[in-house]
Amino acid sequence: ALARASVAAGDLRRAERALERADESAPSRLARAELALKRARPRDVAALLEGLDGPEADDLRARAALARGAYEEARRLAQTAATAESPRWLAARLRETAALAAGYLGEDGADDALAEVARAHAALGDPAGQVRVASYRGILAHLAGDWAGAAERYERALAIAREHALDDALAAGWLNLGTARQEDGDWGGALEAYELGARYAVVLAQGGTEATLAFNLANLALEIGQAERARDLAASARASVRALGLTHLDVPLARLDAELALLGGDLARAAARARAARELAGERGAARDARELALLEGEIALRAGRLDEARAAARARAEDDGPDLTARGRLLRARVALAQGRSAEAIRHAERALRLASRHGHTLLAADAHRALARGYADDPELAAEHRAAAARAWRRIEATLPGPSRDAFRAHPRRAGLEPASPSPAAPARGAHAESPDERRLRRLLEINRQLTASLDPEDVLARAMDAAIELSGAERGFVLVDRAEAGLEVATARNLDREDLAGPQLEFSRSIAERVNATGEPVLTVDARHDPRFGGERSVHAMQLQSVACVPFRAPRGARGALYLDNRFQRGRFAEADLELLQAFADQVAIALTNAELHAALAARTEALDEARAALEARVEGQARAIESLSSEVEARQRALEYRYDYGRIIGRGPGMRAVLDTLERVIDVELPVLIRGESGTGKELVAKAIHFNGPRRERPMVSLNCAALPEALIESELFGHVRGAFTGADRDRRGLFVEAEGGTVFLDEIGEMPLSMQAKLLRALQEREVRPVGASAAVAFDVRVLSATNRDLRAEVAAGRFREDLFYRVAVVEVELPPLRARPEDLAALCDHLLAQHGARRLSAAALARLREHGWPGNVRELSNVLARAHAFADGDRIEPDDLGLSPVAVAPSSRESYAEDEAARIRRALLAHRWNVSRVSRELQIPRQTLYRRLRALGLTRPG
């Protein structure tokens, strides 16, 4: 009981001392599990609770699953336990665990469920539960990108914890508040919160919270530009994660590694770490983390110049994308469009990103969007300067929150480098110069606003700019842009300067009757005191809101009003004059034109995007059909050629000229039991050919045994081949038959025979001559009847000349020689080999670009190397197709020694392909990737004509 009370009070050391004297009863085990959770050791909970049943044990299991990131398991355990008979306080805690897990899984209704649990904790007088729920609601707001809402809820949690002296909740509270401040652009406040939270975590020995705070400090240091400090803090967090057995930081730490590599310019490491982190996030069911990492991979691809890959990552969407992720995706699309020279498309995406970032308070994203717009408006120096200045202002607001030592690193970060200072204020007019009147200033400002409106191609951005301009021009207290949605009526498209009461109500409060009248008649309305205006004095909304000054003008279009611009002031009578109404109506007419243009452009852009997607899908389909046709053609051709042979060579892939020569030789030697020597480089498939000889030959019913002569010392080779008797040497505890005797009636395959020592060569020669072997230590010989096949990657004739291989043995084992071509000499077989090898791993296929990259490689390891490359590519590839970057190969261009040698190589390559495909020019064109008309010209230039 003392231990559990100490855990609840946050005195974990006292709880540990109490538990040292406790027994192994169920309450003690529950206390130990509670302490393990507080110590951020959720993996220990299962063992501590093994065999225990009941809602308290299930509550601890559910919270441990939540801490491990197993959200589906946590929700299931909590929901199941909450249905059982349990105390009210425990039922409330189970419901909060289930709701938080549902929130992490992106399900709707999680925040409402937590609000209900908060009321239950308040009714029970449970301040600790109220702190937890306030923090959990802040987490859900944070996940949705609502930083201000998250900070407000975190501050409430801290206030409750301070009020009730719940010291153990303070470290986590400062951690949560710091994250919200960081996202909201208050980086100095975030640093202060993190460091204060870290001090609490150290004092209270809260290892898990301490590790998370170290990670958050590392992440903030990275954003500031302090890479070394970020690495040190990340290493500290990683050490705590390993020591405590945590898992919730695995994905964020991997993402941090990728971002550090990207900041340092190591794109290969950044891509590998980001991909690994995204796969881990997918396994954990962390959808938001996976989406963030996908966008990071797109950023890395953009930096690497892989624009198609970056564009695909930017265009992908997830159902639970928050506004920040949507804005980041739009911003990445804008930057890709800029890299491709499509300024109009870049501006459209950047403006959408800016609108989202500004609406939801994402200062960092807004600054990046302004920078993208500055690049997009390169042809308009004035607009470009405005956006550069806006980005600079946003960064300076963040910089102003930082302590002095961090500001230099902040300004040197690549995201901020080169930003221009804010434009200076216009100089005062010189003496004697004409001074602008207020009306002239308003007219000049109206012209500037109209120019900005016509420059925007985003309908939502047009409306947002119109709202801001109308407030500026009229000096209104509040403003609404209302759009006519036909059957749905007037809807609020954007609004400004609303109170919390406006936002908390069932709908945004304005005089709907005035707005509907303006939209229906197409005539503007001005009232100096709405409450006493006979036209509206009877409207309840006017009196409820205490409206005084109202100005409302329609957005007029050829087919009637499309909505209205509504401005009011609840506290000042006669705020608007007739001149204001005329100005606002002229402005609204310009907005209507700009809105129509923007909507037409947006519709065109959407149609273009849909056409692009349809074209991409069609291209993929055509490519897939071409590959299927090619595969079927190859299969038909292979079957046709198989009919030309008497034996089955199904496992030998390739029917090009080189492999056809091999198969022609095998046809002649399989059924005549002559010794065969198979020559070829390492990895060309010598053992596969040996098996084809044996299993197609007359000895196929008998065993085939193999020995790698390079893998064993001389003494063991003799014992392996000839056998030994018991006691022949140390360790020979029983008789052993050699391979020649074990293979009786079958085949012995001697691989790498060129590596056999000379002394052993003499013994092998004698055995082959006498057709008998003498086991080591035996006094009598044993006869055998086997066929001998050998293989080597050496030139045995050269070895004989050098005295390293016996000439008489050479003539014994090389009655027939089969020469296997290296993979680089048989490019026509590469596609079939790849299809065969990939089929062993799964359904992925090579893209045309990946196959071209494989053709460029020299393949020193031949088919064995190809198999290794494809296996790795299959593991790392995303989607159904393997792309060039998945292969891990660099393009290799081998320059010919001369123009003449290039022509000779080209002629030989084309000639081989023509023979392999029986002069089917279409197939040769596809295989060599040479357009058909170009191929015909090459044939004429090289003097190649079809025989007969």
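Here is what the cut-offs are and how they apply
Per-chain numbering applies: the sequence of each chain, read as written, is numbered from 1 onward. For a predicted model such as this one, the threshold for reporting local features is a pLDDT of at least 70, and the threshold for listing and counting side-chain atom pairs is 80 or more; totals across whole chains, interfaces and linings nevertheless cover every residue. No hydrogens and no water enter the side-chain calculation; it runs on all heavy atoms of the structure. For the purposes of this entry, the term helix denotes a DSSP run of H or I that reaches at least four residues, the term strand denotes a run of E that reaches at least two, and both are numbered from the N terminus. Buried, partly exposed and exposed residues are distinguished by accessible area as a fraction of the type maximum, computed with a 1.4 Å probe on protein chains only: under 20%, between the cut-offs, and over 50%, respectively. Note on contacts: a residue pair is in contact if any heavy atoms of the two residues lie within 4.5 Å. For our purposes a nonpolar core is just a set of buried Ala, Val, Leu, Ile, Met, Phe, Trp, Tyr and Cys residues, chained together by side-chain atoms within 4.5 Å. Only residues whose relative accessible area exceeds 30% and that form no salt bridge enter a patch; like-charged residues are grouped when within 9 Å of one another, and nonpolar side chains (Val, Leu, Ile, Met, Phe, Trp, Tyr) when within 5 Å. For the area figures, the Shrake-Rupley method with a 1.4 Å probe applies, and any residue is considered shielded solely by the protein chains shown. By convention in these notes, a salt bridge is any Lys or Arg side-chain nitrogen within 4 Å of a carboxyl oxygen on Asp or Glu. Take the number of residues in a helix, subtract one, and multiply by 1.5 Å to get its expected span. By definition, the arc is the one covered by directions from the helix axis to the C-beta atoms. Comment: axis = line fitted to C-alpha atoms, over the contacting stretch for helices; angle = value between 0 and 180 degrees taken between N-to-C directions. What sets the label is the angle itself: under 35 degrees gives roughly parallel, over 145 gives roughly antiparallel, 65 to 115 gives roughly perpendicular, and the rest give oblique. With the far helix as reference, a near helix turned anticlockwise by less than a right angle produces a left-handed crossing, and one turned clockwise produces a right-handed crossing. We score Asp and Glu as negative and Lys and Arg as positive, and we do not count His or the chain ends. Any two rings among Phe, Tyr and Trp, with Trp reduced to its six-membered ring, count as a pair given centres within 6.5 Å; such a pair is stacked if its planes are under 30 degrees apart, edge-to-face if over 60, and tilted if neither. The rule for pairing is simple: two strands pair if DSSP sees at least two bridges between them. Each residue carries a pLDDT score, the predictor's own confidence in it, on a scale running from 0 to 100.

A separate point is the overall build of the protein chain. Across its full length, the protein chain carries 42 helices and 16 strands. In the protein chain, which comprises 948 residues, the share counted as buried stands at 48%. Sequence-distant contacts in the protein chain: of pairs separated by 6 or more residues, those separated by 24 or more amount to 64%.

To continue, consider the nonpolar core. General note: in soluble globular proteins, nonpolar side chains tend to be found buried as a group. Residues Trp187 and Ile224 are the most contacted members of the largest nonpolar core, which totals 36 residues. Elements supplying a minimum of two residues to this core: helix H11 (170-183), helix H12 (187-203), helix H13 (207-224), helix H14 (227-244), helix H15 (250-263), helix H21 (363-376), helix H22 (381-401) and helix H23 (404-412). Ranked by the residues each element gives to this core, the list is headed by H13, at ten residues. Residue contacts for Trp187: discarding those within four places in its chain leaves Arg181, Gln182, Leu220, Glu223, Ile224, Leu364, Trp395, Ile398, Thr401, Leu402, Phe410 and Arg416. Counting residues in each nonpolar core, the second largest holds 33 residues, with Ala65, Leu66, Ala99 and Leu114 among its members.

The grouping of Val672, Leu674 and Val815 at the surface amounts to a nonpolar patch, some 210 Å² of accessible area in total. If you trace the backbone, Val672 turns up in the loop between helix H30 (657-669) and strand E6 (676-679). Taking relative accessible area as the criterion, Val672 reaches 35% and is therefore assigned partly exposed.

What follows concerns the environment of Cys709. Within the secondary structure layout, Cys709 lies in the loop between strand E7 (704-708) and helix H32 (714-722). Take Cys709: its relative accessible area is 2%, and that puts it in the buried class. With 83 residues separating them in the primary sequence, Cys709 and Thr792 have C-alpha atoms 9.8 Å apart. Residues in contact with Cys709, not counting those within four places in the same chain, are Ile717, Leu750, Asp751, Glu752, Ile753, Glu755 and Met756.

Turning our attention to the pattern of salt bridges. Tallied over the full model, the rule gives 39 salt bridges. Between Glu107 and Arg75 there is a salt bridge, and its shortest N-O distance comes to 2.2 Å. With a gap of 32 residues between them, Glu107 in the loop between helix H7 (88-104) and helix H8 (110-124) and Arg75 in helix H6 (residues 71-82) connect regions that are remote in the sequence. Taking the shortest distance from any N to any O, the salt bridge between Asp257 and Arg273 comes out at 3.4 Å. One end of the pair, Asp257, is in helix H15; the other, Arg273, is in helix H16 (residues 267-284), with 16 residues separating them in the sequence. The network of salt bridges with common partners includes Arg679, Arg797, Glu817 and Glu819.

This paragraph deals with helix H38 (residues 848-856). All of the buried residues along H38 are Ala850, Leu851, Ala852, Arg853 and Leu854. Structurally, H38 contributes buried residues whose contacts are with helix H37 (830-839), strand E15 (845-846), helix H39 (862-876) and strand E16 (881-882).

Because the α-helix completes a turn every 3.6 residues, residues three or four places apart line up on one side. For H39, which comprises 15 residues, the first-to-last C-alpha distance of 22 Å matches the rise-based estimate of 21 Å (1.5 Å per residue) to within 8%. When we look at burial in H39, the residues that qualify are Asn862, Val863, Glu865, Leu866, Val869, Leu870, Ala873 and His874. End-on, the buried residues of H39 take up no more than an arc of 170°, which puts them together on one face. Away from the buried face of H39 by more than 90 degrees, exposed residues Arg864 and Ala875 are located.

All right, on to the packing of helix H9 (residues 127-143) against helix H10 (residues 147-163) then. Viewed as axis vectors pointing N to C, H9 and H10 meet at an angle of 165°, and their least axial separation amounts to 8 Å. Overall, the two elements H9 and H10 adopt an arrangement that is roughly antiparallel. For the pair H9 and H10, the crossing hand works out as left-handed. Contacts between H9 and H10 pair Pro127, Gln130, Val131, Ala134, Ser135, Arg137, Gly138, Ile139, Ala141 and His142 from the former with Trp147, Gly149, Ala150, Arg153, Tyr154, Arg156, Ala157, Ile160 and Ala161 from the latter.

Once that is clear, we can look at the side chain of Glu752. Mapped onto the elements, Glu752 comes out in the loop between strand E10 (747-751) and helix H34 (758-770). There is no salt bridge for the buried Glu752, and the closest opposite charge comes from Lys686, which lies 4.5 Å off by N-O distance. Setting aside anything within four residues of it in sequence, one finds Glu752 in contact with Lys686, Asn708, Cys709, Ala710, Ala791, Thr792 and Asn793.

In this structure the tally under the stated criterion is seven aromatic pairs. Ring centres of Tyr71 and Tyr104 lie 4.5 Å apart, and the angle between their planes is 10°; this geometry places the pair in the stacked category. With a gap of 33 residues between them, Tyr71 in helix H6 and Tyr104 in helix H7 connect regions that are remote in the sequence. Of the residues examined, Tyr71 reaches a relative accessible area of 15% and is grouped as buried. Ring centres of Phe810 and Tyr811 lie 5.4 Å apart, and the angle between their planes is 65°; this geometry places the pair in the edge-to-face category. By relative accessible area, which is 4% here, Phe810 ends up buried. Among the aromatic residues, ring-to-ring pairing joins Trp187, Trp395 and Phe410 into one connected group.

Our next topic: the pairing of strand E14 (residues 816-819). Residues of E14 alternate between two faces, with Val816 and Val818 buried on one and Glu817 and Glu819 left unburied on the opposite face. The pairing of E6 with E14 spans four bridges and is classified as parallel. Bridge assignment links Arg679 to a residue of E14, and that residue is Glu819.

Spatially, E7-E10-E13-E6-E14 is the arrangement adopted by the five strands of the open sheet, whose pairing is parallel. Bordering the open sheet on either side are E7 and E14, each of which pairs with just one other strand. On average, each strand axis in the sheet is tilted by 20° relative to the strand beside it, whichever way the strands run. As judged from the five bridges shared by E7 and E10, these two strands associate in the parallel manner. Note that in E10 the partner of Asn708 across the bridge is Asp751. Docked against the sheet, H30 engages E6, strand E13 (787-792) and E14, running at close to 155° with respect to E14.

Moving on, we come to the pairing of strand E1 (residues 478-484). Of all the seven residues making up E1, six are buried; the element is thus mostly covered by neighbouring parts of the structure. The pairing of E1 with strand E5 (residues 560-569) spans six bridges and is antiparallel. Within E5, the position partnered with Gly479 by the bridge is Leu567. For E1 and strand E2 (residues 490-496), the ladder comprises six bridges, and the chain directions are antiparallel. If you follow Val481 over to E2, its bridge partner there is Thr494. Counting the residues that bridge the hairpin from E1 to E2 gives five residues, and of these Ala486 lies at a positive phi of roughly 60°.

Okay, unusual backbone geometry next. Backbone geometry places Trp859, a non-glycine residue, at a positive phi of 55°. Taking the relative accessible area as the measure of exposure, Trp859 reaches 2% and is therefore buried. With a phi angle near 60°, Asn862 is a residue other than glycine that sits in the positive phi range. Mapping Asn862 onto the fold places it in helix H39.

Glancing now at the sheet that holds strand E4 (residues 549-557). Strands in a sheet are paired, the pairing made by backbone hydrogen bonds, and the direction either parallel or antiparallel. Strand order across the open sheet formed by five strands is E2-E1-E5-E4-E3, with antiparallel pairing between neighbours. Both outer strands of the open sheet, E2 and strand E3 (525-527), are each paired with one neighbouring strand and no more. Averaged over all pairs of adjacent strands, the angle between strand axes in this sheet comes to 15°, irrespective of strand direction. With respect to the sheet, helix H25 (residues 459-474) is in contact with E1, E2 and E5, its orientation differing from that of E2 by roughly 60°.

The residue Arg93 is located in helix H7 in this model. The class of Arg93 is buried, set by a relative accessible area of 14%. Not counting the four nearest positions on each side in its chain, Arg93 is found in contact with Glu34, Asp59, Arg63, His121 and Arg132.

Before going further, it helps to spend a moment on the confidence of the model for the protein chain. For the protein chain, mean pLDDT is 80; residues scoring 70 or higher make up 85% of the total. Considering only residues more than four positions removed or in separate chains, one finds that residues 892-899, a stretch of pLDDT under 50, has three contacts.

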